[in-house]
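Here are the chains, one letter per residue:
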Amino acid sequence: MMDKWSLEEEIADKQSERTYIDAYPDIEKFRRNDFMRYLDFINTDFLVKRKNVTRLIDNREKAQHYQETIRKKMQISIGPLPEGNAKRAFVTETLEREGYRVDKLYIETLPDYYATANFYYPTDAKTPLPALLFLCGHAPEGKASVTYVSFCVEAVLNGFCVLTFDVVGQGERKVRKEGNDDAAWMNPVEAHCLLDQKLSLTGEHLGAYMMRDNVKALDYLLSRPEVDSERVGVAGNSGGGTMAAYMGAYDDRIKAVAPCCYITELRSLLHRIMAQDAEQCLPGFMRQGLNHSDFITAAAPKPYFIGAALFDFFPIDGVRDAFIEAKAMYRLLGFESGLELYVSLKGHGLWHDMRENVLRFFCRSFSMAFIENKKIDYEQLPDAEDLQCEVGDVAASFKRKSLHHLIRERAGAPHEQSKKKLPHGFMRDRLMQALKLPQDFGEPAGAMKNSLCIEEDGTFAFEYEAGRMRITGAWRQLTERPGCVLIAVGETELENVLTAKAGEYEAIMTIHPRGTGPAALDPQSSFGLFDPETASAYNARMLGMTLQGMRVMDVLMGISRLRQLPGYEHVRILLHGQEEHALTALYAAVIAEIHDVCLKHLPVSFRAFQIMESHRWKPVIFVPVLSQAFDVEDLLQALRPGNIRIDGFLDPMKHASL
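These numbers were taken from a predicted model, which means no experiment stands behind them.

A. Molecular detail of the packing of aromatic side chains. This model, assessed by the stated rule, comprises 21 aromatic pairs. On the basis of an interplanar angle of 50° and a centroid distance of 6.4 Å, the ring pair of Tyr262 and Phe295 is categorised as tilted. Remark: Phe295 occurs in helix α10 (residues 292-299) and Tyr262 occurs in the loop between β7 (256-260) and α9 (266-273); sequence separation between them is 33 residues. Accessibility assignment for this pair places Tyr262 and Phe295 in one class, buried. When the centroid spacing of 5.6 Å and the interplanar angle of 40° are considered together, the rings of Phe305 and Phe361 count as tilted. With Phe305 in strand β8 (residues 304-309) and Phe361 in helix α12 (residues 352-365), this pair connects stretches of sequence that are 56 residues apart. Across this residue pair, the class does not change: Phe305 and Phe361 are buried.

This is the structure:
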């Protein structure tokens, strides 16, 4: 008798039921952090503003107008996909199994840039057949993950063709960690964030590159003679669920949609586990008033299946809210019966019951009979070696580039502008635009002026947006003689900033920008997929902000509060920062026109991050389009002539750079 599902899946399934709820962070404890509270405030503002819009949609005409609007907004958030003439596909080998075949192939998605893919199709079936584009989640094995292979085999033995491929950073497209150890591969989340950070410097993002892969894979699927182009669906789990939702809203060649373990409500997700990785956090997505349920509404009238899991780390209460809202939109648009929800009593994953319900959905959508007994031996499924595309002479016959290679090509030659000084006003405006700061910035609405109250122990706090965010710091009076105030950005020990004789400064003022110092996020604040600073940076990106811009604004507000103190209206200021904080100090100096800076271990250039394959810097430094506008030397030039002290440059690996 055939196994019902693989032993590997059974073990993982039971573990997920036990652990996912227990692994939730201690939300109340972590939410006492000032910066976490601030993020909650602005995320809740987003939800309230959005609900005030959607609750007014009460007829078909309004629903149609809303659908048209969100489709346009999604196009803006995804942005233009990278371009290039890429039409080639190479089958390297065909795997023969009982009842089906698997073509192992390379699909060119950009010039000389390929996705490794598997195309499953029945051996003896009358064509054309319905087909599924199956998009992989964050499994290191990519297309060879046991639950993904299980789904592909189940679908092909039910009369479907299936195309699946390795996402960049997974399977045969893994990204190597620093060093030369063949076994040192990044996990998919690390790889996605690294590549996205490098792309962001030229104003791009990984989500657009993944969508390009998806679209070109769909092109190939539709080119196969076995496929009925009017019966093509998309499915995926976790990160693959993200991409399935994107494709369902983006490409009208898709006729039915089934994202699993992804759809929820954003504010609920951000409150519980913070933002997820790169491609799941589209630039400006929340700023435009979009939420997960909008992917569903945008796809109407396509048949739509939401797969969810009760014990998932994607909040189940958010699934409920997204489903209710999308169901109301489908009802107004006249397609209420087209939206389905299935909740598995398991954890995060494409387990056997979820797979069966997804397949039944596609059978209903494409007028196919569901085959109950497919006689699958799950212990004899094709494995990674069986499905590997890099085999034979064909794989060795054509040039293949990595995404690292494409990014280096886009970096181009060293910045020409660094050879001459740019007008300060131009630099300031471009910098503020990149940091997402308003050109007429000043005290934010509700900010409390003249509120820099220094306590007896030298500590102080002021509010950025009254009642929402406290910026803390410390003050040390060194002499009563008028002189220069040194503002240290992000330092925790004042002794670290005494870079010259104490008599040089009248006082030292330390400012801890958002998410640093006492407001630094607990490493466990996120679900554990990556560090909380990465999560908060992506949260800011969805809101149309930058974490770096927030921190620069905190320094600018600190300068403003200092100059409101009697006797300090025209005081000379020297800004100091080290490593990541050196960039924050440099940006604040350019914007506030402060020409005295002391910067320790400044990054040597933005371009260097595009050239090197890895880095050891915190994600806050990656600001979209920075390397297109200028480089580090351009910013330093904007402060000259001035008292500029540079205590060493570091390369992306934080090694000393000459």
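B. Here's a closer look at the sheet that holds strand β16 (residues 643-650). The strand order across the open sheet formed by eight strands is β10-β11-β13-β12-β14-β15-β16-β17, and the pairing between neighbours is mixed. Pairing within the sheet leaves two strands with one partner each, and these edge strands are β10 (459-464) and β17 (656-657). The pairing of strand β14 (residues 572-578) with strand β15 (residues 596-603) spans four bridges and is classified as parallel. Bridging from a neighbouring strand, His576 pairs with Cys598 of β15. Where helix α18 (residues 547-562) meets the sheet, it contacts β10, β11 (469-477), β12 (484-489), β13 (505-512) and β14, and its direction lies at approximately 115° from that of β10.

C. Main features of the pattern of salt bridges. Evaluated as defined, the whole model comprises 40 salt bridges. Of the charged contacts in the structure, one is a salt bridge between Glu154 and Arg355, with a shortest N-O distance of 3.0 Å. Taken as a pair, Glu154 in helix α5 (residues 146-156) and Arg355 in helix α12 lie far apart in primary sequence, 201 residues in all. Each member of the pair Glu154 and Arg355 is classed as buried. Put simply, Arg514 and Asp554 hold a salt bridge, and the shortest N to O gap is 2.8 Å. Within this pair, whereas Arg514 is found in the loop between β13 and α17 (532-542), its partner Asp554 is found in helix α18, the two being separated by 40 residues in sequence. Residue classification places Arg514 among the buried positions, given a relative accessible area of 1%. On the basis of relative accessible area, Asp554 is assigned to the buried category, the value being 0%. Several salt bridges share partner residues, and in doing so they unite Arg50, Lys51, Asp294 and Glu325 into one network.

Reading the values: the criteria
- Residues numbered from 1 in each chain as written.
- Predicted model: local features only at pLDDT ≥ 70, side-chain atom pairs only at ≥ 80, totals over all residues.
- Heavy atoms only, no water.
- Phe/Tyr/Trp six-rings, centres within 6.5 Å; stacked < 30°, edge-to-face > 60°.
- Helix = DSSP H or I, 4+ residues; strand = E, 2+ residues; numbered from the N terminus.
- Buried < 20%, exposed > 50% of the residue type's maximum accessible area, 1.4 Å probe, protein only.
- Pairing = 2+ DSSP bridges.
- Contact = heavy atoms within 4.5 Å.
- Axes fitted to C-alpha atoms, helices over the stretch in contact; angles between N-to-C directions.
- Salt bridge = Lys/Arg side-chain N within 4 Å of Asp/Glu carboxyl O.

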